[in-house]
Amino acid sequence: MDVDGTAGEISQNHGEIDQNLLLQFSCMNTTDREELIGQMQRLLGPTLSYNTASFFLDMSNWNLQAAICCYLDYSLPAKLPSMSLKAAQSQESAVGPATYFEQNWSIANTGTEAWPGSCRLIQAGGEPLEAVPVYVPPLPPGHTTNVSMKLLAPSVAGVHRGYFHLVTDKGEQIGDTLWVEITVESEVTMALAEQLAALPVPSSRLDDSVSQVPPHDDQMC
C-alpha cells in the first residue's frame, strides 16, 4: 500500500474542501449583503442609492435595523423647539431719523423641550435696523422670558417695519416671526413737537358750580 501517496491525496482533497468552503462562505456573505442592501433600498425608497445603503450597513456591521436608524438620524432634520410671542413693546412710538431706540419682546417656550443655549435673535428682513444678534438663555418648557434689542431707526421719515427670528446655531428658525414697527418723524416735526411740549399749561377756569356772591350796597340803619 502506498501510504505516502494516499496521505498526499487526502491532504490535497482536504485543501480543496477548505477552498470550496471559503468560497461558499464568501459567496454567501456577498449574497447576504446584496440582499440587505436591496432590502434597505426597498424600505427607504428609490432615493436611497446603492452606495449610501452599503455605507450605512457596513458602518452598522451589516445590521439592517441599526443601519436604517443611523440613516434616519442622519438624514431627517432634528426636531426644533417651539416659541410663541406673548407681547411686544417699544419704548418710543415715534423717533427722529437715525435715532437709537429699544424694542422688547416677551416670548414663551410652548414646546416640550428646553431651548438650547445657542439660540439667538436676529433680524431676518424688513428695513435694516442695525440689529446686533442677541443670545437667548436656555428656557424650560412652559416658561417665558423677555428679550431686548437696541435698534437704529432709518434716516427717512415714515413708518418702517423690521422682522426678526429666533434661530439655532445652524440658522434654523424657531417659532413665530417677531416684528417691530416704528414711526420716524422728520426733524421739523420732532422740533415742533418738542416746542409744543415745552409750552406752559394754561390755568383751568374756576368751576362753574362755585357760586359767586353778588355785591350788596350798604344800607343805612
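Residues numbered from 1 in each chain as written. Predicted model: local features only at pLDDT ≥ 70, side-chain atom pairs only at ≥ 80, totals over all residues. Heavy atoms only, no water.

Observations regarding the nonpolar core
Part 1 of the argument: Residues Trp105, Trp115, Leu121, Phe164 and Leu166 are the most contacted members of the largest nonpolar core, which totals 22 residues.
Part 2 of the argument: Breaking this core down by element, the ones donating at least two residues are strand S3 (100-108), strand S6 (144-152), strand S7 (158-167) and strand S8 (173-184).
Part 3 of the argument: In this structure, Ala53, Phe56, Leu57 and Leu64 belong to the second largest nonpolar core, which totals twelve residues. (Core = buried A, V, L, I, M, F, W, Y, C linked by side-chain atoms within 4.5 Å. Buried < 20%, exposed > 50% of the residue type's maximum accessible area, 1.4 Å probe, protein only. Helix = DSSP H or I, 4+ residues; strand = E, 2+ residues; numbered from the N terminus.)

Remarks on the environment of Lys170
Part 1 of the argument: Following the sequence through the fold, Lys170 ends up in the loop between S7 and S8.
Part 2 of the argument: The exposure class assigned to Lys170 is exposed, which follows from its relative accessible area of 71%.

Structural notes on the packing of helix H2 (residues 50-59) against helix H3 (residues 64-75)
Part 1 of the argument: At a minimum axis separation of 8 Å, H2 and H3 run at an interaxial angle of 115°. For the element pair H2 and H3, the recorded crossing hand is right-handed. Across the interface between the two elements, Thr52, Phe56, Leu57 and Met59 from H2 touch Leu64, Ala67, Cys70, Tyr71 and Tyr74 from H3. (Axes fitted to C-alpha atoms, helices over the stretch in contact; angles between N-to-C directions. Left-handed = near helix turned anticlockwise from the far one by under 90°. Contact = heavy atoms within 4.5 Å.)

As for the pairing of S8
Part 1 of the argument: Across two bridges, the pairing between strand S2 (residues 94-95) and S8 is parallel. Note on S8: the bridge partner recorded for Ala94 is Thr183.
Part 2 of the argument: Strand direction decides the pairing type here: S7 and S8, joined by nine bridges, are antiparallel. Counterpart to Phe164 in the pairing with S8 is Leu178.
Part 3 of the argument: Remark: five residues form the turn of the hairpin made by S7 and S8, two consecutive strands paired antiparallel; Gly171 in that turn has positive phi of roughly 85°. (Pairing = 2+ DSSP bridges.)

A few points about the environment of Glu92
Part 1 of the argument: Summarising the element assignment, Glu92 is placed in the loop between strand S1 (84-90) and S2.
Part 2 of the argument: Residues Glu92 and Glu102, spaced ten residues apart in sequence, show a C-alpha to C-alpha distance of 7.8 Å.

Quick look at the pattern of salt bridges
Part 1 of the argument: Here the structure, examined in full by the defined rule, presents one salt bridge.
Part 2 of the argument: Between Glu181 and Arg161 there is a salt bridge, and its shortest N-O distance comes to 3.0 Å. Of this pair, Glu181 sits in strand S8 while Arg161 sits in strand S7, placing them 20 residues apart in sequence.
Part 3 of the argument: On the basis of relative accessible area, Glu181 is assigned to the partly exposed category, the value being 48%.
Part 4 of the argument: Under the relative-accessibility criterion, Arg161 is labelled partly exposed at 34%. (Salt bridge = Lys/Arg side-chain N within 4 Å of Asp/Glu carboxyl O.)

Quick look at H3
Part 1 of the argument: Here H3 is twelve residues long and its end C-alpha atoms lie 16 Å apart, about the 16 Å a rise of 1.5 Å per residue gives.
Part 2 of the argument: Listed as buried for H3 are Leu64, Ala67, Ile68 and Tyr71. Buried residues along H3 cover an arc of 100° about the axis, so they all sit on one side. Opposite its buried face, H3 presents the exposed residues Gln65 and Asp73, each directed more than 90 degrees away.
Part 3 of the argument: Regarding H3, its N-cap is Asn63, as a side-chain oxygen of that residue lies 3.1 Å from the backbone nitrogen of Gln65 further along. (Expected span 1.5 Å × (residues − 1). Arc of directions from axis to C-beta. Polar contact = N/O pair within 3.5 Å; in protein donor to acceptor, adjacent residues only side chain to side chain.)

Remember that the coordinates give geometry; whether it matters functionally is a separate question.
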